[in-house]
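# Topology and contacts: notes
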Amino acid sequence: MPVCVILNSRYPDFSIERSVLERLGITVLPVSAVEGVSADRLDEAGVIRAAEKADAVLVNLAPFTSRVIDALPGLKVISRYGVGLDNIDTAHAHSKGIAVLNVPDYCTEEVAEHTLALMLDLLRGVTTRNAGVKLGQWNQEDAQYTLRGQTLGIIGYGAIARAVVERCIPFKPARILVYSRHAEEARFRAGSGPGTARGEPASVSDAEHRIASLSKLYAVPLDFVPLDALFETSTIISLHCSLSEQTKHLLYDSSFSRMKKGIFIVNTARGALIDFDALERAVRNGTVAGAGLDVFEKEPPDDILERLRNPAFLVTDHTAFRSVRSVGELKRRCAENAARGLGLL
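Residues numbered from 1 in each chain as written. Predicted model: local features only at pLDDT ≥ 70, side-chain atom pairs only at ≥ 80, totals over all residues. Heavy atoms only, no water.

## Side note on the overall build of the protein chain
Looking only at helices and strands, the protein chain has 12 helices and 12 strands in total. Counting all 345 residues of the protein chain, 50% fall into the buried class. Nonlocal contacts in the protein chain, meaning residues at least 24 apart in sequence, comprise 65% of its contacts between residues at least 6 apart. Per element, the accessible surface of the protein chain, about 16200 Å² overall, is 51% carbon and sulfur. (Helix = DSSP H or I, 4+ residues; strand = E, 2+ residues; numbered from the N terminus. Buried < 20%, exposed > 50% of the residue type's maximum accessible area, 1.4 Å probe, protein only. Contact = heavy atoms within 4.5 Å. Areas by Shrake-Rupley, 256 points an atom, 1.4 Å probe, with all protein chains shown as cover.)

Below you can see the structure in the form of structure tokens.
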């Protein structure tokens with residue numbers, strides 16, 4: 001009977017996973033049931049110990065390095081709760097014949113709405129004003145802004161980025177600039193995207209058709225630009241790219257030095273896209289007016305907790321993906337991936 005170990009402490013109720021896997025004859029073993037392993041702090045040694053008898057694992061943030069993979073010769077499937085795979089050495093897993101599966105697009109709407117919520121909170125100061133009123137403060141003088149008239153810079157152009165763009169256009173920003181490293185992601189070439197006189201290409205996704213229509217309706221130009229141009233022109237930057245060697249610390253001292261004073265930064269993608277020390281310096285020197293962060297290079301961010309108390313930082317606990325709907329879908333599809341990888345579905 002195949003064994004599936006659940007290496008995840010974020011969702012203590014595994015009834016959805018069990019309903020998928022146990023009916024197929026797969027034994028489900030939550031990491032909390034493995035003696036001597038802490039579900040909250042899974043390091044390499046803990047993963048190896050917990051998964052030593054596993055045919056498949058469901059994993060959230062636990063590290064699956066080459067060392068871990070080599071120590072688990074019986075492992076056949078790594079199924080990740082989520083979209084990104086940066087905590088898994090996928091190339092090494094594949095070299096060992098291990099299937100690595102993720103759950104794309106299960107939370108596109110949730111992350112896009114959370115991104116917009118952080119963006120609007122930074123501009124309107126809802127969170128700080130809520131706290132102020134409860135302390136008896138009235139007619140607070142902190143600056144407030146609108147999304148209308150801003151130059152919005154979007155880094156990456158996958159499904160979530162497009163969903164963010166689609167939601168932002170009706171607020172009438174002055175322009176939307178997009179930087180995408182991958183030509184195949186950028187269906188529109190620079191200068192020929194929606195909102196320009198030269199129109200749209202012949203084949204685009206449904207989301208891009210909606211964006212093109214909204215762009216025309218609200219007269220909001222959308223253009224693909226080089227990264228330097230996006231840094232130099234944007235008044236708000238929102239990150240929506242994957243984490244890789246090329247994108248780690250994409251925003252660092254040199255990046256911030258090219259930005260306008262008073263820019264706002266939003267990150268609901270991956271914490272390591274931003275060098276936090278450089279971000280903090282940019283906040284202190286006035287380049288960054290505020291940063292909305294749902295993700296951090298180390299989570300939880302205990303090592304920078306005191307620094308995050310700076311009111312310029314608006315933070316949430318890596319929950320942009322969450323809703324009752326999305327979590328249920330994530331758990332079901334992650335379990336189905338494991339069963340599929342084992343050839344039982």
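## Comments concerning the nonpolar core
The biggest cluster of nonpolar side chains holds 32 residues, and the ones touching the most others in it are Ile155, Phe256, Ile265 and Leu279. Listed by contribution, the elements that provide at least two residues to this core are strand 7 (175-179), helix 9 (227-233), strand 9 (236-239), strand 10 (263-267), helix 11 (276-284) and strand 11 (288-293). Isoleucine 265 has contacts with Leu122, Ile237, Leu251, Phe256, Met259, Ile274, Val288, Gly290, Ala291 and Gly292, leaving out every residue within four places of it along the chain. (Core = buried A, V, L, I, M, F, W, Y, C linked by side-chain atoms within 4.5 Å.)

## So, the side chain of glutamate 166
Mapped onto the secondary structure, glutamate 166 falls in helix 7 (residues 159-168). Since its relative accessible area comes to 19%, glutamate 166 is described here as buried. Setting aside residues no more than four positions away along its own chain, glutamate 166 makes contact with Arg210, Ile211 and Leu214.

## Section: the sheet that holds strand 2 (residues 27-30)
Strand order across the open sheet formed by five strands is 2-1-3-4-5, with parallel pairing between neighbours. The open sheet has two edge strands with one neighbour each: strand 2 and strand 5 (99-101). Strand-to-strand twist across the sheet, computed as the mean angle between neighbouring axes with direction ignored, equals 15°. Sitting on the sheet, helix 12 (residues 324-341) is in contact with strand 1 (3-7), strand 3 (56-59), strand 4 (77-80) and strand 5, with an inclination near 165° to strand 4. (Pairing = 2+ DSSP bridges. Axes fitted to C-alpha atoms, helices over the stretch in contact; angles between N-to-C directions.)

## A closer look at the layout of surface pockets
For the largest pocket, the calculated volume is near 1200 Å³. As for the largest pocket, its lining consists of 40 residues, and the residues nearest its centre are Leu61, Glu297, Lys298, Glu299 and Pro300. Residue classes in the lining of the largest pocket are distributed as 15 nonpolar, 10 polar and 15 charged. As for the second largest pocket, its lining consists of 44 residues, of which Val83, Gly84, Ile160, Cys241 and Ser242 are closest to the centre. Looking at the lining of the second largest pocket, the element that brings in the most residues is helix 7, giving three residues. Looking at the lining of the second largest pocket residue by residue, the classes come out as 23 nonpolar, 13 polar and eight charged. (1 Å grid on protein atoms, 1.4 Å probe; cavity = no way out; pocket = protein on both sides within 12 Å on 5 of 7 lines; lining within 4 Å. Points joined across faces, edges and corners; volume = space filled by probe spheres on them. Nonpolar A, V, L, I, M, F, W, Y, C, P; charged D, E, K, R; others polar.)

## Section: the sheet that holds strand 6 (residues 151-155)
The strand order across the open sheet built from seven strands is 8-7-6-9-10-11-12, with neighbouring strands paired in parallel fashion. The strands lining the two open edges of the sheet, one partner per strand, are strand 8 (222-224) and strand 12 (313-315). Across this sheet, the average inter-strand angle for adjacent strands is 15°, counted without regard to direction. Where strand 9 and strand 10 come together, four bridges link them in parallel fashion. When the sheet's bridge partners are listed, serine 238 is paired in strand 10 with valine 266. The sheet strands contacting helix 5 (residues 108-124) are strand 6, strand 9, strand 10, strand 11 and strand 12, and the helix crosses strand 10 at an angle near 155°. In the packing of helix 11 onto the sheet, contacts are made with strand 11 and strand 12, and the angle to strand 11 comes to roughly 140°.

## Comments concerning the pairing of strand 10
Taking burial as the measure, the five residues of strand 10 include five buried ones, the bulk of the element. Of the two faces of strand 10, the one lined by Ile263, Ile265 and Asn267 and the one lined by Phe264 and Val266 are each fully buried. Where strand 10 meets strand 11, five bridges bridge the pair, whose relative direction is parallel. The residue of strand 11 that forms the bridge with phenylalanine 264 is glycine 290. Of the crossover connections in this fold, the one passing from strand 10 over helix 11 to the parallel strand 11 is right-handed. (Right-handed = clockwise from strand over helix to strand, strands pointing away.)

Such coordinate-based values are descriptive only and should not be taken to indicate function.
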